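Chain by chain, the residues run as shown.
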Amino acid sequence: MDVGTLVEQAREGRPRAVARLISLVEGASPELREVMAALAPLAGRAYTVGLTGSPGVGKSTSTSALVGAYRRRGKRVGVLAVDPSSPFSGGALLGDRVRMQEHATDPDVYIRSMATRGHLGGLAWAAPQAIRVLDAAGCDVVLVETVGVGQSEVEIAAQADTTVVLLAPGMGDGIQAAKAGILEIGDVYVVNKADRDGADATARELNNMLGLGASRGPGDWRPPIVKTVAARGEGVEEVVEALEKHRAWMEEHGELTLRRIRRAAQEVETIAVTALRERFATLHGDRRLDALAKRVAKGELDPYAAADELVSGVTAV
């Protein structure tokens, strides 16, 4: 099936066409450029929400609950659930979608699991293009659930319009909260499993840690803290309301456009760097590299000057 037909069928909401397009993205197909060219004028309408947090805080359950909340509002929803790949076999369980089975038969919900394939940062390398596929396919909201991340894996903040950071009672004290890099990227904070002991204390500590961050002036966005029990659907509507308030604030202050421009810039840079890396990969054993290496080893040339000469030679090709 040609790319034009796939795109047209994806716009009609046919899940097989959407799946095929995302597979082309994940496999870095030779048709990928054609796919992106066809999708570019169709994308840019979906609201992208990233959900991140440590393992065990209930990201998949919260994602499923948010899908239900948005569907009740008549929204078409796409979900990218990213799972870690095994460093040994390269495989992945792709089990996050198991917790979303209640939406499996809904024609206005598309759920796709993706493996990181060794990519760090909590996302799969193909996530930006996959988000564009779901956007162009007519999804009003795209929910991106990251791998259970640590303190520095914060890539989702660069890929989402709004980032939701989830925490749960018993996941660490205030010092741990102060250390966590993910607490610096949230637009909305959710304390899930709020029926457990310590939920109020977690919310207080989180509020204190946020107070130690960058100062905010009048009119600046102040991230809210929402307590939920996602497994029972409690507090989920409040999360959606917080998301909608943040979206409205971004649109009013021009922040949504700025975020999307920064996201596009990062995507272009990543593609360009990948292309350059592929060119450099062909240089192992190349005479130019060997000759420069010998000069560096003899002290005739410093490594920075050698690298400049190599780069100029590669980019000129």
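Given the structure is predicted, the values throughout are model-derived calculations rather than measurements.

Calculation rules
Residues numbered from 1 in each chain as written. Predicted model: local features only at pLDDT ≥ 70, side-chain atom pairs only at ≥ 80, totals over all residues. Heavy atoms only, no water. Helix = DSSP H or I, 4+ residues; strand = E, 2+ residues; numbered from the N terminus. Buried < 20%, exposed > 50% of the residue type's maximum accessible area, 1.4 Å probe, protein only. Contact = heavy atoms within 4.5 Å. Areas by Shrake-Rupley, 256 points an atom, 1.4 Å probe, with all protein chains shown as cover. Phe/Tyr/Trp six-rings, centres within 6.5 Å; stacked < 30°, edge-to-face > 60°. Core = buried A, V, L, I, M, F, W, Y, C linked by side-chain atoms within 4.5 Å. Salt bridge = Lys/Arg side-chain N within 4 Å of Asp/Glu carboxyl O. Polar contact = N/O pair within 3.5 Å; in protein donor to acceptor, adjacent residues only side chain to side chain. Expected span 1.5 Å × (residues − 1). Pairing = 2+ DSSP bridges. Axes fitted to C-alpha atoms, helices over the stretch in contact; angles between N-to-C directions.

1. Looking at the overall build of the protein
Inference 1: Helix and strand content of the protein: 12 helices and seven strands.
Inference 2: Taken across its 317 residues, the protein has 45% of its residues classed as buried.
Inference 3: Contacts spanning at least 24 positions in sequence make up 75% of the contacts within the protein whose residues lie at least 6 apart.
Inference 4: With an accessible surface of roughly 16300 Å², the protein has 53% of that area assigned to carbon and sulfur atoms.

2. What about the packing of aromatic side chains?
Inference 1: Overall, the coordinates contain one aromatic pair when judged by the stated rule.
Inference 2: Between W221 and W249, the aromatic rings sit 6.2 Å apart at their centres with planes inclined by 45 degrees, giving tilted as the arrangement. Highlighted residues: W221 in the loop between α8 (199-211) and β7 (225-227) and W249 in helix α9 (residues 236-253), separated in sequence by 28 residues.
Inference 3: Assessed through its relative accessible area of 19%, W249 is described here as buried.

3. Thoughts on the nonpolar core
Inference 1: Counting 39 residues, the largest nonpolar core has V18, L21, V133 and L134 as the members making the most contacts within it.
Inference 2: When residues of this core are assigned to their parent elements, the largest contribution, six residues, is made by helix α2 (residues 15-26).
Inference 3: With near-sequence residues (within four places) excluded, L21 lies in contact with L6, V7, A10, V35 and V133.

4. Things to note about unusual backbone geometry
Backbone geometry follows two general trends: most residues other than glycine have a negative phi, and most peptide bonds adopt the trans configuration.
Inference 1: At K193, a position not held by glycine, the phi torsion is positive, near 60 degrees.
Inference 2: The residue K193 is located in the loop between β6 (188-191) and α8 in this model.

5. Some points on the pattern of salt bridges
A pair can form between side chains of opposite charge whenever their charged atoms are brought close.
Inference 1: Evaluated as defined, the whole model comprises 17 salt bridges.
Inference 2: A salt bridge links E237 to R72, with the shortest nitrogen-to-oxygen separation between them at 3.2 Å. Residue E237 is located in helix α9, and its partner R72 is located in helix α4 (residues 59-72); the two are separated by 165 residues in the primary sequence.
Inference 3: On the accessibility criterion, R72 (60% relative accessible area) is exposed.

6. Brief notes about the side chain of S64
Inference 1: Structurally, S64 can be placed in helix α4.
Inference 2: A polar contact of 3.2 Å, which involves the side chain of S64, links it to the side chain of E102.

7. A short note on α4
Inference 1: When the terminal C-alpha atoms of α4 are compared, their 20 Å separation across 14 residues agrees well with the 20 Å that a helix rising 1.5 Å per residue should span.
Inference 2: A large share of α4 lies buried, amounting to 11 of its 14 residues.
Inference 3: Within α4, the full set of buried residues consists of K59, S60, S62, T63, S64, A65, L66, V67, G68, A69 and Y70.
Inference 4: Buried positions along α4 lie against β1 (47-53), β2 (77-83), β3 (109-115), β4 (141-145), β5 (162-167) and α9.
Inference 5: Just downstream of α4 lies G74, where phi reads positive at about 80 degrees.

8. Looking at the sheet that holds β7
Inference 1: Spatial ordering of the open sheet is given by β3-β2-β4-β1-β5-β6-β7, a layout of seven strands whose pairing is parallel. Strands with a single pairing partner mark the edges of an open sheet, and in this sheet they are β3 and β7. Pairwise comparison of adjacent strand axes, ignoring direction, gives a mean angle of 20 degrees for this sheet.
Inference 2: The sheet contact formed by β6 and β7 spans three bridges and is parallel. Across the sheet, residue V191 finds its bridge partner in β7, namely K227.
Inference 3: In this fold α4 packs onto β1, β2, β3, β4 and β5, with an angle of close to 175 degrees to the strand it touches most, β4.

9. Description of the environment of D2
Inference 1: Tracing the backbone through its elements, the reader meets D2 in the segment before α1 (3-11).
Inference 2: A C-alpha to C-alpha distance of 9.4 Å links D2 and E31, two positions 29 residues apart in sequence.
Inference 3: Looking at D2, its side chain comes within polar contact range of the side chain of T5, at 2.7 Å.

These figures come from the coordinates and say nothing about function on their own.
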